[in-house]
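# Results of the structural survey
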Amino acid sequence: MITRDDVLAAREAIAGRLHRTPVFSSATLGPRVFLKAELFQRTGSFKPRGVLNSLSRLSEEQRGRGVIAASAGNHAQAVAYCAGLEGLDALLVMWKTASAAKVAATRGYGAQVDLDAEGPSVVFDRLEDLRRETGRTLIHPFDSVHTVAGQGTVGLEIAEDVPDADVVVVPIGGGGLIAGIATALPDVRVVGVEPAVSNALSAALEAGKPVPVDARSIADGLNAPFAGELPLRIVEERGIEVVLVEEEEIEGATRFLYERAKLACEPAGAVGVAALLAGKIGDGPTAAVVSGGNVATQTASAILARR
């Protein structure tokens, strides 16, 4: 498993190399509601925290072979950026229908991109083929102790900046972020939020193990094809609540964050606020993680135009 000491060690490993992201209050959401703006992190999401911590643990032999990862875009950009910081060669396995903006950004950070996979349901098969062929080291987006520990540093910052928060609301894709935050905040109520049409963790909780799902939410950053085994164990052990939000609620929250909070987030970053706006969390001092801001212009404009 993973302990809070692992999260504290991750904070030391990444110290001074990434942003400490700001926290904003939101009077419209409530007098004691705060937004942890991870969209202002390097590459536009929380992902570099886990990636940089993972890269810091590589041996010289592993560094020489380069790294590989699979992602819809945010993890891909984070691996590309952090590999550049570390002077490592990176290959990112995405899929043909991934956001063109996220593919372009990943290449812009200097990584190679493979787009042979037809979709998220088969991207990890393609990754395994390439990993065997190249001998690269896998940097997993959510199912690794080092990844989860790095993501947990978000929780450490929330504890320092909003010390009276009774609830922390966290978007869920593969589960790495919520697992890390729950580990960092053992005495705080942590609530996970998934799109109803991209519910890898809920499906895993019901089955008692990770199972494949047909992830198809507009919150593409949360479209994990399955949940991680490690996050599942942490969520089960802590008895963490998971609530679902509909696509219309996600779009409404995205518009709210643009218009009222002035946060140009991606739909994946808005799901926690969607749950708050829908009354699915409850009252009390609350911190909601706005996890990313990497959204295609066309997607954002279409959401903003709808009412």
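Preceding block: the structure.
In what follows, the accompanying structure is described. Fair warning: this is a prediction, and the values are worked out from it, not measured in the lab. (Residues numbered from 1 in each chain as written. Predicted model: local features only at pLDDT ≥ 70, side-chain atom pairs only at ≥ 80, totals over all residues. Heavy atoms only, no water.)

## Describing the packing of aromatic side chains
- Here the structure, examined in full by the defined rule, presents 5 aromatic pairs.
- Taken together, a centroid distance of 6.5 Å and an interplanar angle of 65° make the contact between Phe124 and Phe142 edge-to-face. Taken as a pair, Phe124 in helix H6 (residues 123-134) and Phe142 in the loop between strand S6 (137-138) and helix H7 (145-151) lie far apart in primary sequence, 18 residues in all.
- Measuring from ring centre to ring centre gives 5.8 Å for Phe142 and Phe226, while their planes differ by 75°; the resulting arrangement is edge-to-face. Residue Phe142 is located in the loop between S6 and H7, and its partner Phe226 is located in the loop between helix H10 (200-207) and helix H11 (229-238); the two are separated by 84 residues in the primary sequence.
- Among the aromatic residues, ring-to-ring pairing joins Phe124, Phe142 and Phe226 into one connected group. (Phe/Tyr/Trp six-rings, centres within 6.5 Å; stacked < 30°, edge-to-face > 60°. Helix = DSSP H or I, 4+ residues; strand = E, 2+ residues; numbered from the N terminus.)

## A word on the pairing of strand S10 (residues 286-290)
- For S10, the buried fraction is high: 5 of the 5 residues fall into the buried class.
- Of the two faces of S10, the one holding Thr286, Ala288 and Val290 and the one holding Ala287 and Val289 are both buried throughout.
- In this structure, strand S2 (residues 33-37) lies alongside S10, joined through 5 bridges in parallel fashion. Residue pairing across strands places Lys36 opposite Val289, the latter belonging to S10.
- When strand S7 (residues 167-171) meets S10, the two strands line up parallel, connected through 3 bridges. Counterpart to Val167 in the pairing with S10 is Thr286. (Buried < 20%, exposed > 50% of the residue type's maximum accessible area, 1.4 Å probe, protein only. Pairing = 2+ DSSP bridges.)

## Structural notes on the environment of Ala37
- Among the secondary structure elements, Ala37 is positioned in strand S2.
- Residue class for Ala37 comes out buried when judged on its relative accessible area of 0%.
- It is 16 Å that separates the C-alpha atoms of Ala37 and Ala27, two residues lying 10 residues apart in sequence.
- With sequence-adjacent residues up to four places away left out, Ala37 is seen in contact with Thr21, Pro22, Phe24 and Val290. (Contact = heavy atoms within 4.5 Å.)

## Side note on the side chain of Ser26
- One can find Ser26 in the loop between strand S1 (23-25) and S2.
- Apart from residues no more than four positions distant in its own chain, Ser26 is found in contact with Val33, Leu35 and Phe256.

## Here we look at the sheet that holds S7
- Taken in spatial order, the 6 strands line up as S1-S2-S10-S7-S8-S9 in an open sheet, and their pairing is mixed. Edge strands, defined here as strands with exactly one partner in the open sheet, are S1 and strand S9 (241-245). Recorded for the sheet is a direction-independent mean angle of 25° between the axes of neighbouring strands.
- This element, helix H12 (residues 247-259), spans S2, strand S8 (189-195), S9 and S10 of the sheet and lies at about 90° to S9. (Axes fitted to C-alpha atoms, helices over the stretch in contact; angles between N-to-C directions.)

## A short note on helix H5 (residues 100-108)
- Those residues of H5 not exposed but buried are Lys102, Val103 and Thr106. Along the long axis of H5, the arc covered by the buried residues comes to 100°, so they all point the same way. Exposed residues on H5 whose side chains face more than 90 degrees from its buried face are Ala100 and Gly108.
- Along its buried surface, H5 packs onto helix H4 (74-86), strand S4 (90-95) and strand S5 (112-117).
- Remark: Gly110 follows H5 within two positions and exhibits a positive phi of approximately 105°. (Arc of directions from axis to C-beta.)

## Comments concerning the environment of Trp95
- Examined against the element boundaries, Trp95 turns out to sit in strand S4.
- Not counting chain neighbours up to four residues away, the residues in contact with Trp95 comprise Ser71, Ala72, Leu115, Ala117, Glu118, Gly119, Pro120 and Val123.

## Observations concerning the packing of helix H9 (residues 176-184) against H11
- Closest axis-to-axis distance for the H9/H11 pair is 9 Å, and the angle between their directions is 45°. Accordingly, the angle class assigned to the pair H9 and H11 is oblique. Here H9 runs over H11; the crossing is left-handed. Across the interface between the two elements, Gly176, Ile178, Ala179, Ala182 and Thr183 from H9 touch Pro231, Ile234, Val235 and Arg238 from H11.
- Tallied by class, residues from the contact of H9 with H11 come to 6 nonpolar, 2 polar and 1 charged. (Parallel < 35°, antiparallel > 145°, perpendicular 65-115°, else oblique. Left-handed = near helix turned anticlockwise from the far one by under 90°. Nonpolar A, V, L, I, M, F, W, Y, C, P; charged D, E, K, R; others polar.)

## Some words on helix H2 (residues 48-56)
- Counting buried residues along H2, 8 of its 9 residues qualify, which places the element largely inside the surrounding structure.
- Of the positions making up H2, those classed as buried are Pro48, Arg49, Gly50, Val51, Leu52, Asn53, Ser54 and Leu55.

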